[in-house]
Amino acid sequence: MNSPFRIAVINDELGQDFGRACEVASREFGMEWVELRSMWNKNILSLDASEVAEARRILEKYKLRVTDIASPLFKVDWPGATKSKFSPKGAQFKADFTYDQQGEVLERSIALAKAFNTDRVRCFDFWRLEDPAPYRSAMNAKLLEAANAAGKQGIILILENEFACNTATGSEAAHTLAAVQSSSFMLNWDPGNAAARGETPYPGGYNLLPKNRIGHCHCKDIKTIAKGDDTGEPAWAAMGAGAIDWVGQFAALKRDGYSYAVSLETHWRGAATPEESSRQSWAGMKEQLRKAGALA
């Protein structure tokens, strides 16, 4: 595909069979990139050496490169604060790590990034608090510490604005990026998550962002811009069938010189299976990329 972007899909949005997911991404979708989160009913961080080797063999077979390791780093409650109402009761995407394990999560994520030949690891900004202000400076210091540790090994942390975490919108992301000044700390811009927290992501949220610090982009759509205070799962939509102006967003990313990943994170489950839902969402995403002049 001829695009200024690295067009990708998160592998487990297609299913837990990694070989099948890569086959669909490469041979059916025509992609050259994939984002790694979980496979074979294990979080990426829990793979053993033989499973990592097998995943690498499959990637080579389908000629796929890895955009980033979609790590759950810092998707935990902040210690000392009241437990977040967004804190899940069980594992998410096969991951269930404590705050005290985050050093190990970072170390393992960096090792996996090197094993899969990528320079990017995704992270979060802790489960959302009613009032993060008393803890904000300490959170920023923790993010900076992790980014500097990653940077020493040639790895960039990409902070996802996540609707259930303290950095959820473009506005909040701009503040976090301003506070965490490191060349190894960039944003995983997710318009869907911003919309789930009540922000119009494009042009509103996007216009607030420092464009030179966007290092990844997740692509999903939502039925309507949320009110902003819901703790439930947002009403996701297939790409192109929701409220986000993805044509405008893709065109703006192209205009602003963005050249990293646009990664399909389907989330919508309106079709019979995750694979079919992702197939339909990819069809919408592909059409929007073309309309934006970002896919030939």
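Below you will find a few notes about this structure. The structure presented is a predicted model; accordingly, all values stated were derived computationally and were not measured.

Conventions we followed
Residues numbered from 1 in each chain as written. Predicted model: local features only at pLDDT ≥ 70, side-chain atom pairs only at ≥ 80, totals over all residues. Heavy atoms only, no water. Helix = DSSP H or I, 4+ residues; strand = E, 2+ residues; numbered from the N terminus. Rg over C-alpha atoms; globule rule 2.2 N^0.38 Å. Buried < 20%, exposed > 50% of the residue type's maximum accessible area, 1.4 Å probe, protein only. Contact = heavy atoms within 4.5 Å. Phe/Tyr/Trp six-rings, centres within 6.5 Å; stacked < 30°, edge-to-face > 60°. Polar contact = N/O pair within 3.5 Å; in protein donor to acceptor, adjacent residues only side chain to side chain. Pairing = 2+ DSSP bridges. Axes fitted to C-alpha atoms, helices over the stretch in contact; angles between N-to-C directions. 1 Å grid on protein atoms, 1.4 Å probe; cavity = no way out; pocket = protein on both sides within 12 Å on 5 of 7 lines; lining within 4 Å. Points joined across faces, edges and corners; volume = space filled by probe spheres on them. Nonpolar A, V, L, I, M, F, W, Y, C, P; charged D, E, K, R; others polar.

Topic: the overall build of the protein chain
Helix and strand counts for the protein chain come out as 9 helices and 12 strands. Taking 296 residues into account, the globule formula puts the C-alpha radius of gyration at 19 Å, and the protein chain, at 18 Å, falls close to it. When each of the 296 residues of the protein chain is scored for burial, the buried share is 57%. Long-range contacts, defined as pairs at least 24 residues apart, comprise 78% of the intrachain contacts of the protein chain with a sequence gap of at least 6.

Describing the packing of aromatic side chains
All told, the structure shown has 12 aromatic pairs when counted by the stated rule. Considering the side-chain rings of Phe18 and Trp40, the 5.9 Å spacing of their centres and the 75° angle between planes classify their relative orientation as edge-to-face. Of the two residues, Phe18 sits in helix H1 (residues 18-28) while Trp40 sits in the loop between strand S3 (38-39) and strand S4 (42-43), which places them 22 residues apart along the sequence. Classification of Phe18 by relative accessible area gives buried; the value is 0%. Accessibility expressed as a relative area gives 28% for Trp40, which makes it partly exposed. Judged by centre distance (5.0 Å) and plane angle (35°), the rings of Trp246 and Phe250 are tilted. Linking Trp246 with Phe250, this pair stays in helix H8 (residues 246-255), spanning 4 residues, or about one helical turn.

Points about the side chain of Ser87
The topology assignment puts Ser87 in the loop between strand S5 (65-73) and helix H3 (102-115). One polar contact links Ser87 to Asp77, side chain to side chain, over a distance of 2.7 Å. Aside from chain neighbours lying at most four places away, what touches Ser87 is Asp77 and Trp127.

Remarks on the environment of Leu106
Tracing the sequence through the fold places Leu106 in helix H3. Among the residues examined, Leu106 registers a relative accessible area of 11% and is labelled buried. Residues Leu106 and Glu23, 83 residues apart in the sequence, show an inter-C-alpha distance of 29 Å. Not counting the four nearest positions on each side in its chain, Leu106 is found in contact with Leu73, Ala146, Ala149 and Leu157.

Observations concerning the sheet that holds strand S1 (residues 6-9)
Spatial strand order, S1-S12-S9-S8-S7-S6-S5-S2: 8 strands in an open sheet with parallel pairing. Here the strands that pair on one side only, and so sit at the sheet edges, are S1 and strand S2 (33-36). For this sheet the average axis-to-axis angle between neighbouring strands, irrespective of direction, equals 25°. Pairing geometry for strand S6 (residues 120-123) and strand S7 (residues 156-160), over 4 bridges, is parallel. Paired with Arg120 across the strands is Ile156, a residue of S7. Strand contacts of helix H5 (residues 170-179): S7 and strand S8 (185-189), with the helix running at about 175° to S8, the strand carrying the most contacts.

Looking at the side chain of Asp190
Here Asp190 shows up in the loop between S8 and helix H6 (191-196). Among the residues examined, Asp190 registers a relative accessible area of 0% and is labelled buried. There is a polar contact of 3.0 Å between the side chain of Asp190 and the backbone nitrogen of Gly192. At a separation of 2.9 Å, a polar atom in the side chain of Asp190 contacts the main-chain amide nitrogen of Asn193. If sequence neighbours within four positions are ignored, Asp190 has contacts with Glu160, Asn161, His218, Lys220 and Glu265.

With respect to the layout of surface pockets
In this structure, the largest pocket occupies an estimated 680 Å³ of space. Taken together, 39 residues make up the lining of the largest pocket; nearest its centre are Lys75, Pro88, Gly90, Gln92 and Trp127. Ranked by residue count, the leading element in the lining of the largest pocket is S5, at 3 residues. Residue composition of the lining of the largest pocket, by class: 17 nonpolar, 10 polar and 12 charged. The computed volume of the second largest pocket comes to approximately 280 Å³. Along its surface, the second largest pocket is lined by 15 residues, and Leu64, Arg65, Val66, Phe116 and Asn117 are the ones closest to its centre. Within the residue set of the lining of the second largest pocket, elements represented by two or more residues are helix H2 (49-61) and S5.

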